[in-house]
Protein chains: 2
Amino acid sequence: MSAIITVDWGTTRFRAARLDASGAVLEAIEDPRGGILQMTGEATGFERYLADKLGPWLGDAPVLMAGMIGSRQGWIETPYVEAPASLSAIAGKLQRVPFAAAPAFVVPGVVCRAASGALDVMRGEETQILGAMALESIEQGLIVLPGTHSKWTRVENGQITGFATSMTGELFDLLGTHGLLARTMTPGAFDGTSFLAGVERARAPGGLSHLLFGVRTEGLLNGLSGEGQHNFLSGLLIGAEIAGMRSLDPDAGAAYVIASSELAKRYGLALTHFDITATILSGETCAHAGLLALAQHAELLS
Amino acid sequence: MSAIITVDWGTTRFRAARLDASGAVLEAIEDPRGGILQMTGEATGFERYLADKLGPWLGDAPVLMAGMIGSRQGWIETPYVEAPASLSAIAGKLQRVPFAAAPAFVVPGVVCRAASGALDVMRGEETQILGAMALESIEQGLIVLPGTHSKWTRVENGQITGFATSMTGELFDLLGTHGLLARTMTPGAFDGTSFLAGVERARAPGGLSHLLFGVRTEGLLNGLSGEGQHNFLSGLLIGAEIAGMRSLDPDAGAAYVIASSELAKRYGLALTHFDITATILSGETCAHAGLLALAQHAELLS
């Protein structure tokens, strides 16, 4: 018997699992071409897709969905909850969607004004953060979610009090594919020396737009190989993210990092270089724990 | 009678003029598809192209060429002169190319270690800088050349003592064409309010990768239009360039800006916002004056 069905429905990918009441995974599926941008955008399209994918799992257990499924391009636009946001505030704003086969809910994202003064938003990460808080009993701390758009989140008194996004992964993809740097760079295996040289360079003044040009001159004048340049760029962008976030949160001395093993390795090294102690957590485990905590808090479990 | 034939030969464009001994332009031509990347890469290809283009101008007057024509992808790779670099040091390294129809020379670029610790290079800009120094009698000062790769150059005792590149224009093109921000941005007319909001945002902490995400949230949550986002991004990137360069050169209080009218307007506004007084100079006029000064110094004029 499933206690809950969890869905991580992003722009490019659909993932679901059925869990028992302890949070153990009974079964899981993934569709790498099931992202919301692959759907027609109509509500009936999302409904039919979900019924098809989850078929025999559906019944009394609640379906909780996190991610871009709650955005304007998703099934139903779910308003952001304002930070400071507690588990209870987010659980109180679960948005029920019309779905015949099971009770189904979308988790709202969170909005805040970052310490830079810019408005900032997350959708999906809040669920992993709530899961990390539940699993690690975090009342105070810093939680980092590296990725295309990295999120640095401050937790105080058991609430998400603020966060800031860094477009690190997106810049890495753009600069590795188009423009001057891409011309001489080659994707390749991880190379810790070039990576850490990039992390260290990020501590220099001059600003990121300037330091990026140094990737080119390392190749042109210092003979750094195409693969070395790619690793240097990765280190430079991750280092710039850490330096920037530390300028917003100077006390950052330890962080939970929710990441896949490849990103966890890079962020672990870079954070250590900045004297920040990293504790690595699994994204999938955190997402499951977050959805379970939300369902419990909203009294959706039978 | 021409005293000198000037050539600005870049990656995408070819421009040439014939000047009299006072530097006045007698005649000028431009080929927007004559850049070095459009050539075959063989020396004979460059030679034939130049003979075809300049035909009746050619004779005794020296042909001086600046730009990427001296790079590895150009006619002849011309080694960089190390900063501090004087007019006389650069004039002493003019590289003659084999060309039957006239005496022809390539101006070398300049290399330095920027104040950030990164190696930095220029090719073509050194000629405009030498021209600005000649035209404005600059012995000390800051010369800014905005563009795809902006160059901030420090002049002391009549020499180029150091400089730093910022990939501002390239980032603007990449982010306006690909990725998250491009999805909701629309190129449009200049809008000073959105532009200056972006410049001001660049003064905030958090780092550029973070502040870029704010372009998205200004649209999502503050209703900034697609054109407004494009102007905000322009201001943010130019502002980040200025803030970064000021971190390398805290005394910057005045600058000569060598730019086209559109860029001059944007940089003039942004520099004023940072309390830097800008004096605008024309790129073409500076390039001509630089080549003339080099030819005079190398005693190439008859």
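Analysis parameters
Residues numbered from 1 in each chain as written. Chains lettered and ligands numbered in written order. Predicted model: local features only at pLDDT ≥ 70, side-chain atom pairs only at ≥ 80, totals over all residues. Heavy atoms only, no water. Helix = DSSP H or I, 4+ residues; strand = E, 2+ residues; numbered from the N terminus. Rg over C-alpha atoms; globule rule 2.2 N^0.38 Å. Buried < 20%, exposed > 50% of the residue type's maximum accessible area, 1.4 Å probe, protein only. Contact = heavy atoms within 4.5 Å. Areas by Shrake-Rupley, 256 points an atom, 1.4 Å probe, with all protein chains shown as cover. Lys, Arg positive; Asp, Glu negative; His and termini not counted. Charge placed at Lys NZ, Arg CZ, Asp CG, Glu CD. Buried area = accessible area lost by both parts, 1.4 Å probe. Salt bridge = Lys/Arg side-chain N within 4 Å of Asp/Glu carboxyl O. Polar contact = N/O pair within 3.5 Å; in protein donor to acceptor, adjacent residues only side chain to side chain. Pairing = 2+ DSSP bridges. Axes fitted to C-alpha atoms, helices over the stretch in contact; angles between N-to-C directions. Parallel < 35°, antiparallel > 145°, perpendicular 65-115°, else oblique. Nonpolar A, V, L, I, M, F, W, Y, C, P; charged D, E, K, R; others polar. Least-squares fit on C-alpha atoms with pLDDT ≥ 70 in both. Left-handed = near helix turned anticlockwise from the far one by under 90°. Disulfide = S-S within 2.5 Å. Core = buried A, V, L, I, M, F, W, Y, C linked by side-chain atoms within 4.5 Å. Phe/Tyr/Trp six-rings, centres within 6.5 Å; stacked < 30°, edge-to-face > 60°. Lys NZ or Arg CZ within 6 Å of the ring centre and 35° of its normal.

(A) The overall build of chain A, seen in detail. When helices and strands are tallied, chain A shows ten helices and 15 strands. On C-alpha atoms alone, chain A measures out to a radius of gyration of 20 Å, which is about the 19 Å that the 2.2 N^0.38 rule sets for 302 residues. Dimensions along the principal axes, computed over C-alpha positions, put chain A at roughly 65 × 40 × 35 Å. Within chain A, the fraction of its 302 residues that count as buried is 57%. Long-range contacts, defined as pairs at least 24 residues apart, comprise 63% of the intrachain contacts of chain A with a sequence gap of at least 6. Accessible surface for chain A amounts to roughly 11800 Å². Of this, 49% is attributable to carbon and sulfur atoms. Of note, chain A has its 20 positive side-chain charges centred 5 Å away from the centre of its 30 negative side-chain charges.

(B) Highlighting the interface of chain A and chain B. Each partner contributes residues to the interface: chain A has 44 residues there, and chain B has 44 residues. Buried surface at the junction of chain A and chain B, summed over both partners, amounts to about 3700 Å²; 68% is from carbon and sulfur atoms. By the criterion of area lost to chain B, the three top residues of chain A are S209(A), H210(A) and F213(A), representing 17% of everything that side buries. Our enumeration of links across chain A and chain B arrives at zero salt bridges. Inspection of the region where chain A meets chain B yields 13 residue pairs in polar contact (both at pLDDT 80 or more). Mapped onto the side of chain A that touches chain B, the elements with two or more residues apiece are strand 10 (119-122), strand 13 (159-166), helix 4 (168-177), helix 5 (179-184), helix 7 (208-222) and helix 8 (226-248) of chain A.

(C) Molecular detail of the sheet that holds strand 12 (residues 150-156) of chain B. Taking strand neighbours across the sheet as the criterion, the six strands line up as 6-13-12-11-14-15 (chain B) in an open arrangement whose pairing is mixed. Each of the sheet's edge strands pairs with one partner strand only, and the pair in question is strand 6 (85-86) and strand 15 (277-281) of chain B. Of the pairings in the sheet, the one linking strand 6 of chain B to strand 13 (residues 159-166) of chain B comprises two bridges and is antiparallel in character. Paired with A85(B) across the strands is I160(B), a residue of strand 13 of chain B. Contacts between helix 7 of chain A and the sheet are confined to strand 12 and strand 13 of chain B, with strand 13 of chain B contributing the most and set at about 100 degrees to the helix.

(D) Structural view of the packing of helix 3 (residues 125-136) of chain A against helix 10 (residues 283-297) of chain A. Residue and element names in this part refer to chain A. It is at 6 Å that the axes of helix 3 and helix 10 come closest, and there the two elements cross at 85 degrees. In terms of their interaxial angle, helix 3 and helix 10 are classed as roughly perpendicular. Contacts between helix 3 and helix 10 involve T127, Q128, L130, G131, A132 and L135 from the first element and G283, E284, T285, C286, A287, A289, G290, L291 and L294 from the second. Per-class residue counts for the contact of helix 3 with helix 10 are eight nonpolar, six polar and one charged.

(E) Region of interest: the relation of the copies chain A and chain B. After a rotation of 180 degrees and a shift along the axis of 0.0 Å, chain A superposes on chain B with an RMSD of 0.0 Å. Seen this way, the second copy is the image of the first under a two-fold rotation axis. A symmetric contact is evident, with 100% of the interface residues of chain A recurring at the interface of chain B.

(F) Fine view of the packing of helix 6 (residues 192-201) of chain A against helix 8 of chain A. All names here are of chain A. With their axes 6 Å apart at the nearest point, helix 6 and helix 8 run at an angle of 35 degrees to one another. As helix 6 runs across helix 8, the sense of the crossing is right-handed. Of the residues in helix 8, those in contact with S194, F195, A197, G198, V199 and R201 of helix 6 are G228, N231, F232, S234, G235, L236, I238 and G239. The residue makeup of the contact of helix 6 with helix 8, split by class, is six nonpolar, seven polar and one charged.

(G) Focus on the environment of G124(B). Residue and element names in this part refer to chain B. Tracing the backbone shows G124 in the loop between strand 10 (119-122) and helix 3 (125-136). In this structure G124 comes out as buried when scored by relative accessible area, which is 17%. Between the C-alpha atom of G124 and that of G109, which follows or precedes it by 15 residues, the distance is 6.6 Å. In this structure G124 touches A66 and G67, once residues within four positions along its chain are discounted.

(H) The arrangement of the side chain of E218(B) in detail. Residues and elements named next belong to chain B. As for its position among the elements, E218 is in helix 7 (residues 208-222). Here E218 falls in the buried class, since its relative accessible area comes to 11%. Polar side-chain contacts of E218 include one of 3.1 Å to the side chain of N222. Apart from the residues within four sequence positions on either side, E218 is in contact with R201, G223, L224 and F232.

(I) Looking closely at the state of the cysteines. With the rule as written, the count across this model stands at zero disulfides over all chains. No disulfide involves C286(A); its sulfur sits 20 Å from the nearest other cysteine sulfur, which is in C112(A).

(J) Up close: the nonpolar core. The biggest cluster of nonpolar side chains holds 42 residues, and the ones touching the most others in it are L181(A), L212(A) and L212(B). When residues of this core are traced back to their parent elements, those giving at least two are helix 4, helix 5, helix 7 and helix 8 of chain A together with helix 4 (168-177), helix 5 (179-184), helix 7 and helix 8 (226-248) of chain B. Once residues within four sequence positions are removed from consideration, L212(A) is found in contact with L175(A), L181(A), L233(A), L236(A), L237(A), M167(B) and L171(B).

(K) Spotlight on the packing of aromatic side chains. Residue and element names in this part refer to chain A. This model, assessed by the stated rule, comprises 16 aromatic pairs over all chains. Their ring planes at 80 degrees and their centres at 6.3 Å tell us that W9 and W75 sit as a pair that is edge-to-face. Note that W9 is positioned in strand 1 (residues 4-9) and W75 in the loop between strand 4 (63-66) and strand 5 (81-82), a separation of 66 residues in sequence. Seen from their ring centres, F46 and W75 are 6.2 Å apart, and the 15 degrees between their planes marks the pair as stacked. Pair noted here: F46 is in helix 1 (residues 43-54) and W75 is in the loop between strand 4 and strand 5, with a separation of 29 residues, a long-range link. On the basis of relative accessibility, which here comes to 0%, the residue F46 falls in the buried class. Sitting over the ring of Y80, R123 keeps its end group 4.3 Å from the ring centre.

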